[in-house]
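Observations on the model geometry
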Amino acid sequence: MVSGIVLLFEGTIKVGDIIRVIEPSSGEEMIARVLKINVRTTKIENRDGNTLIIPNSTLTQEHIENWSISSELARFKIKVGVAYGSDTELVKELMKQAALSHPEVKKTEPVIVRMLDFGESALIMELLFWADQSWEVELHKSDIRFEIDRLFRQHGVTIPFPQRTLHVPDGVKTKQTQG
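Remember, it's a predicted structure, so these values are computed and weren't measured experimentally.

**Brief notes about the side chain of His102**
- Structurally, His102 can be placed in the loop between helix H3 (88–100) and strand E7 (112–118).
- Residue classification places His102 among the buried residues on the basis of a relative accessible area of 8%.
- With residues near it in sequence (within four places) discarded, His102 still touches Lys107, His140, Asp143 and Ile144.

Set out below in structure tokens:
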């Protein structure tokens, strides 16, 4: 109850706010809209349209990011792997082009592409761009991923998938070769 009173009087989270919180059941990050704040619990709606009732202690004791009171502008990330041997400068330009072609990406802020790592099956690239923190940002990221895929196909850039090669030493019999 104390948490509910703190929420109601402090005003750091209000009805209608969009928050980023850790989902209690799965421990995964979730974006939700605050529907109602009661004394003991708060009703939130996730992007799937599900209404969840969470204890107010979650909102006062856990790390919560309130998108509605922070800056409207935020940096978002998209990771993609490209085949070893790819022209990384071309990849960088195509990823930037994909981001800048989207109307919701802020053209006044830098769009950055960086190589994160040498992965097991791919060079791991990351696109960083700025956009408004909106309920639809995951759709915007999807649109950009589709455009990256289209541009990669158009320019012959391959997004690899893990492949395994099995080496069987000479003299080892398999079920197919036994007879």
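**Digging into a nonpolar patch on the surface**
- On the surface, Tyr84, Met115 and Phe118 cluster together into a nonpolar patch covering about 340 Å² of accessible area.
- Mapped onto the secondary structure, Met115 falls in strand E7.

**Re H3**
- Between the first and last C-alpha of H3 there are 18 Å, a value that for 13 residues agrees with the 18 Å anticipated at 1.5 Å per step.
- The secondary structure elements touched by the buried residues of H3 are strand E6 (73–82), E7, strand E8 (123–132) and helix H4 (137–155).
- Capping the start of H3 is the job of one residue whose side-chain oxygen sits 3.1 Å from the backbone nitrogen of Glu89: Asp87.

**Some thoughts on the pairing of E8**
- Judged by how many residues are buried, E8 sits mostly within the fold: seven of 10 residues are covered.
- Of the pairings in the sheet, the one linking E6 to E8 comprises 10 bridges and is antiparallel in character. Considered in E8, the bridge of Phe76 is made with Phe129.
- Where E7 lies against E8, six bridges are found, and the strand directions are antiparallel. From the neighbouring strand, Ile112 faces E8, where its bridge partner is Leu128.

**Examining the pattern of salt bridges**
- Taken as a whole and assessed by the stated rule, the structure comprises eight salt bridges.
- The shortest N-O distance in the salt bridge between Lys106 and Asp132 comes to 3.5 Å. Of this pair, Lys106 sits in the loop between H3 and E7 while Asp132 is found in strand E8, placing the two residues 26 residues apart along the sequence.
- Owing to a relative accessible area of 27%, Lys106 belongs among the partly exposed residues under this scheme.
- Classification of Asp132 as partly exposed rests on a relative accessible area of 27%.
- In the salt-bridge network here, residues are joined through shared partners; they are Arg20, Glu29 and Glu65.

Scoring rules and cut-offs
Residues numbered from 1 in each chain as written. Predicted model: local features only at pLDDT ≥ 70, side-chain atom pairs only at ≥ 80, totals over all residues. Heavy atoms only, no water. Helix = DSSP H or I, 4+ residues; strand = E, 2+ residues; numbered from the N terminus. Buried < 20%, exposed > 50% of the residue type's maximum accessible area, 1.4 Å probe, protein only. Contact = heavy atoms within 4.5 Å. Patch = residues over 30% accessible without salt bridge, like charges linked within 9 Å, V, L, I, M, F, W, Y side chains within 5 Å. Areas by Shrake-Rupley, 256 points an atom, 1.4 Å probe, with all protein chains shown as cover. Salt bridge = Lys/Arg side-chain N within 4 Å of Asp/Glu carboxyl O. Expected span 1.5 Å × (residues − 1). Polar contact = N/O pair within 3.5 Å; in protein donor to acceptor, adjacent residues only side chain to side chain. Pairing = 2+ DSSP bridges.

The values reported here are purely geometric and, on their own, carry no functional implication.
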